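Next come the chains, spelled out residue by residue.
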Amino acid sequence: MVKFKKLVLLVASIFVLLYLINGESCDRQMVEQIEMMDRHDCQKPNLDVLLAQYIKDRAVVEVKFSDGSSVTSNGSQIPPMMEQPPSNDGSQQNRTVHMLKIDGIDDEFLVLCDNDYEGGGWLVIQNRFKGLLDFYRNWTDYKAGFGDINEDFWIGNELIHQISKEKPREIHFLLSDWEDKTGVAKYSGFQMGGEAEMYALKSLGSYSGTAGDSLLRNVGQKFSTKDRDNDAYEGSCSHLYFGGWWYDKCHLANLNGKYVKGAVSDYATMMCWSSFRGFNYGLKTSRIMVRY
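As recorded by an unreviewed UniProt entry, the chain carries the name Fibrinogen C-terminal domain-containing protein and is attributed to Culex pipiens pipiens.

Below, the structure written as structure tokens:
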């Protein structure tokens, strides 16, 4: 990272000189040059979003990095900004979109990263805050992912497997209700199996947080969808609870269930986390993030 920052600083300094000669037309050139050096993961700069700005009265370029630090073309080091909590409504404030390249896979993946929450480096694998997208989907949809990276989405089971197969990852479940109460369930060692293992929840590690644990009992369970019944129940949990999840007999959490507002008479069919607001309450937002 240090070498990368020095390289960015050198490029930025060159473009300051060009700016003094040619004016504002160099702005876009500088951004494009630095973007070519982007390694496409959640810890590297994406300057369309993270900023490459001229401080014109001093002819100084400031480049901000996703770890919160930044450098300027006059050699000064700027300390990281104070951490800011994620917005309660699930919107994309303080988040950036990247193309993620995984070793051994030809394709690149469009992903949403959160670089402010708890030190940064978080990849968002599920986001729900608008409620317009149906999560009662088939196996193929959950494997490939669905939705809009700027709105509600599931990033895809295959990608989740790929980013967790080498080692266990931290995973956080950030929740809020319709009274704007928030909670988080944190697990220290998440791993998800591949398709041959039915995308099983292989491990979670230890729990901490404020939302309560509603998932550890599901460790070892395979992923189920409306057309793939892999749960431990005699019927289909996915059919009963309208989602795709690591159901057993059936769940204590259903974050891919129906999107409904607040307290309802239906039991456990909605987007819920039972240790946070119970089985008869539809949450306002859910965001699942893995440290990558």
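**Some points on the packing of aromatic side chains**
This model, assessed by the stated rule, comprises 16 aromatic pairs. Seen from their ring centres, Tyr142 and Phe146 are 5.0 Å apart, and the 90° between their planes marks the pair as edge-to-face. With respect to burial, Tyr142 and Phe146 carry one shared label: buried. Centre to centre, the rings of Phe173 and Tyr187 are 5.8 Å apart; their planes meet at 90°, and the pair counts as edge-to-face. A residue pair is termed long-range when its members are at least 10 positions apart, and Phe173 in strand β10 (residues 169-176) and Tyr187 in strand β11 (residues 182-192) qualify at 14 residues. Of the residues examined, Phe173 reaches a relative accessible area of 1% and is grouped as buried.

**Considerations on the pairing of strand β7 (residues 122-128)**
Summarising burial for β7: 7 of the 7 residues are buried, a large majority. Bridge analysis of strand β6 (residues 108-114) against β7 gives 3 bridges, and the strand direction is antiparallel. By the bridge assignment for β7, Cys113 is matched with Leu123. Bridging between β7 and strand β16 (residues 285-291) involves 6 bridges; their strand directions are antiparallel. Paired with Trp122 across the two strands is Arg291, which belongs to β16. Here 2 bridges tie β7 to strand β9 (residues 153-154), and the two strands are oriented antiparallel to one another.

**Some words on unusual backbone geometry**
Apart from glycine, the bulk of residues carry a negative phi angle, and the bulk of peptide bonds sit in the trans form. Lys249 connects to Cys250 through a cis peptide bond whose omega is 20°. Along the polypeptide, Cys250 turns up in the loop between α6 (237-241) and β14 (262-263). Phi is positive for Glu118, close to 45°, though the residue is something other than glycine. Residue placement: Glu118 occurs in the loop between β6 and β7. At Met198, a residue that is not glycine, the phi angle is positive and equals roughly 60°. Turning to its location among the elements, Met198 is positioned in the loop between β11 and β12 (201-203). Here Met198 falls in the partly exposed class, since its relative accessible area comes to 26%.

**Comments concerning the state of the cysteines**
Following the criterion strictly, the structure yields 1 disulfide and no others. Here Cys237 engages in a disulfide with Cys250; their sulfurs sit 1.9 Å apart. On the sign convention where negative means left-handed, the S-S torsion of about -85° between Cys237 and Cys250 marks this disulfide as left-handed. A residue pair is termed long-range when its members are at least 10 positions apart, and Cys237 in helix α6 and Cys250 in the loop between α6 and β14 qualify at 13 residues. Relative accessible area serves as the criterion here: at 6%, Cys250 is assigned to the buried category.

**As for the pairing of β6**
Bridge count for strand β5 (residues 95-101) against β6 is 7 bridges, and the pairing is antiparallel. In the sheet register, Met99 faces β6, and the bridge partner there is Leu110. From the end of β5 to the start of β6, which pair antiparallel, there are 6 residues, and Gly104 there has a positive phi angle of about 90°.

Calculation notes
- Residues numbered from 1 in each chain as written.
- Predicted model: local features only at pLDDT ≥ 70, side-chain atom pairs only at ≥ 80, totals over all residues.
- Heavy atoms only, no water.
- Phe/Tyr/Trp six-rings, centres within 6.5 Å; stacked < 30°, edge-to-face > 60°.
- Buried < 20%, exposed > 50% of the residue type's maximum accessible area, 1.4 Å probe, protein only.
- Helix = DSSP H or I, 4+ residues; strand = E, 2+ residues; numbered from the N terminus.
- Pairing = 2+ DSSP bridges.
- Disulfide = S-S within 2.5 Å.

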